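Descriptive structure summary
Each chain, written out:
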Amino acid sequence: GRWGVGGAGARALGKTNAPRGSNALKRLATRPSWKGRIRIAGLHGLAELGDKRAFETGYKIAIEKALATTVRTAARMIVGGLGKGDSRAYPLIFEQFKVALDPGNERGIINSVEAIIRIADPRGQEVFDMLRAKYKNDADALRNITQSENQFKAALKP
């Protein structure tokens with residue numbers, strides 16, 4: 001329906017990198033709607049835009065416990081994508097990681113690890129240590145963990 005078109009439109013606006021797009025997407029990201037769909041579309045657009053100024057909007061939405069999980073998850077994409085250099089980003093993504101790790105939510109773990117690599121906060125080493133402990137008997141998983149950890153270590157270098 002029209003929500004899908006709105007989401008596609010917001011992502012397309014994000015891909016334009018137009019400065020005015022950022023303001024329009026921030027308005028969408030903060031607008032209440034059924035199941036948070038307009039908010040999610042705006043957040044996806046902001047994540048696509050990659051404008052560092054969107055971090056604050058994403059962070060505030062990500063920590064707002066009254067909002068739907070789907071909305072907060074979309075906001076964490078912004079935090080994970082734009083949070084490098086902001087000390088608040090890592091703890092938020094680390095919490096998401098722990099929630100995904102316990103039941104073995106593969107998609108959640110992968111999303112968290114990718115964000116940890118982008119944020120490049122040295123505290124992220126604990127993520128790889130926890131993954132090694134959980135998957136110590138899974139050679140394929142350990143190979144993937146090592147590959148991601150190497151990307152993380154490379155991202156830490158100035």
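Just above sits the structure.
This write-up is about the structure you can find in this document.

Cut-offs applied
Residues numbered from 1 in each chain as written. Predicted model: local features only at pLDDT ≥ 70, side-chain atom pairs only at ≥ 80, totals over all residues. Heavy atoms only, no water. Axes fitted to C-alpha atoms, helices over the stretch in contact; angles between N-to-C directions. Helix = DSSP H or I, 4+ residues; strand = E, 2+ residues; numbered from the N terminus. Contact = heavy atoms within 4.5 Å. Nonpolar A, V, L, I, M, F, W, Y, C, P; charged D, E, K, R; others polar. Core = buried A, V, L, I, M, F, W, Y, C linked by side-chain atoms within 4.5 Å. Buried < 20%, exposed > 50% of the residue type's maximum accessible area, 1.4 Å probe, protein only. Arc of directions from axis to C-beta. Expected span 1.5 Å × (residues − 1). Polar contact = N/O pair within 3.5 Å; in protein donor to acceptor, adjacent residues only side chain to side chain. Salt bridge = Lys/Arg side-chain N within 4 Å of Asp/Glu carboxyl O.

Things to note about the packing of helix α5 (residues 69-82) against helix α7 (residues 106-119)
Close contact between α5 and α7 brings their axes to 7 Å; oriented N to C, the two are set at 35°. Packed against α5, whose contacting residues are Val-79, Gly-80 and Gly-81, the element α7 presents Ala-115, Arg-118 and Ile-119 at the interface. Split into classes, the residues belonging to the contact of α5 with α7 amount to 3 nonpolar, 2 polar and 1 charged.

Some words on the nonpolar core
Counting 37 residues, the largest nonpolar core has Leu-43, Val-79, Phe-97, Val-113, Val-127, Phe-128 and Leu-131 as the members making the most contacts within it. Taken together, the elements giving at least two residues each to this core come down to α2 (19-29), α3 (37-49), α4 (55-62), α5, α6 (89-101), α7, α8 (125-134) and α9 (139-156). The element that contributes the greatest number of residues to this core is α6, accounting for 8 residues. Among residues more than four places away in sequence, those in contact with Val-79 are Phe-55, Gly-58, Tyr-59, Ala-62, Ala-89, Leu-92, Ile-93 and Ile-119.

Some words on the side chain of Asp-51
Mapped onto the elements, Asp-51 comes out in the loop between α3 and α4. What makes Asp-51 buried here is its relative accessible area of 16%. Setting aside chain neighbours within four positions, we find Asp-51 in contact with Ser-22, Leu-46 and Leu-82.

Overview of α8
Quick reminder: α-helices carry 3.6 residues per turn. Residues three or four places apart thus point the same way. Inspection of α8 places Val-127, Phe-128 and Leu-131 among the buried residues, and these make up the whole buried set. End-on, the buried residues of α8 take up no more than an arc of 95°, which puts them together on one face. Buried residues along α8 sit in contact with α6, α7 and α9.

What to know about α9
With 18 residues, α9 ought to run about 26 Å at 1.5 Å a step, and its terminal C-alpha atoms sit 26 Å apart, in line with that. Residues Ala-141, Ile-145, Glu-149 and Phe-152 constitute the buried set of α9. Buried residues of α9 fall within an arc of 70° about the axis and therefore sit on the same side. Buried-residue contacts for α9 involve α7 and α8. Put simply, Asp-138 is the residue that caps the front of α9, since its side-chain oxygen is 3.2 Å from the backbone nitrogen of Asp-140.

A few points about the pattern of salt bridges
Using the criterion set out here, one finds 8 salt bridges in the structure. In this structure, the salt-bridge partner of Arg-88 is Glu-56, at a minimum N-O distance of 2.9 Å. Remark: Glu-56 occurs in helix α4 and Arg-88 occurs in the loop between α5 and α6; sequence separation between them is 32 residues. Taking the relative accessible area as the measure of exposure, Glu-56 reaches 32% and is therefore partly exposed. Among the ionic pairs, Lys-153 bridges to Glu-149, the shortest N-O distance being 3.7 Å. Taken together, the residues span about one helical turn, with Lys-153 and Glu-149 both in helix α9 at a distance of 4 residues. Judged by relative accessible area, which is 7%, Glu-149 ranks as buried. Through salt bridges that share partners, Glu-56, Asp-86 and Arg-88 make up one connected network.

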